[in-house]
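Listed below, chain by chain, are the residues.
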Amino acid sequence: MKLASVVAHIALVFAAVPYAQAGLLSYGICQTGCNTMAVACYAAAGAVFGTVTAGVGTPAVILGCNAALGKCSAACAIVALTPTP
């Protein structure tokens, strides 16, 4: 299929949509921010994100990082459900 044909099909699809909802894109950006925050929190605590399990011997600061990540991710769910024209 030629590039011009592909571009024409994409333009036709976009022309048929009256508006776009960027909720899922916003959700992905929000989750990226949350995970970046969690990685920074773990690094500040001297740990590597993704290598610590929440067991009995887990430092309190790591549990705080996990709690912050959970709250941030929950807030992102609201972003995903909110229509963004």
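Coordinates for the structure precede this section.
Calculation criteria
- Residues numbered from 1 in each chain as written.
- Predicted model: local features only at pLDDT ≥ 70, side-chain atom pairs only at ≥ 80, totals over all residues.
- Heavy atoms only, no water.
- Disulfide = S-S within 2.5 Å.
- Helix = DSSP H or I, 4+ residues; strand = E, 2+ residues; numbered from the N terminus.
- Buried < 20%, exposed > 50% of the residue type's maximum accessible area, 1.4 Å probe, protein only.

Novice: Which residues make up the state of the cysteines, and what are the values?
Specialist: All chains considered together, the criterion is met by three disulfides. Two residues, C30 and C76, share a disulfide whose sulfurs are 2.0 Å apart. Taking the sign of the S-S torsion, about -80° here, the bridge from C30 to C76 comes out left-handed. Taken together, the positions of C30 in helix α2 (residues 23-44) and C76 in helix α3 (residues 60-81) put the pair 46 residues apart, joining distant regions of the chain. Two residues share a disulfide in this structure: C41 and C65, whose sulfurs sit 1.9 Å from each other. Because the torsion about its S-S bond is -80°, the bridge between C41 and C65 counts as left-handed. Taken together, the positions of C41 in helix α2 and C65 in helix α3 put the pair 24 residues apart, joining distant regions of the chain. C41 sits in the partly exposed class, given a relative accessible area of 23%. A relative accessible area of 0% places C65 in the buried class.

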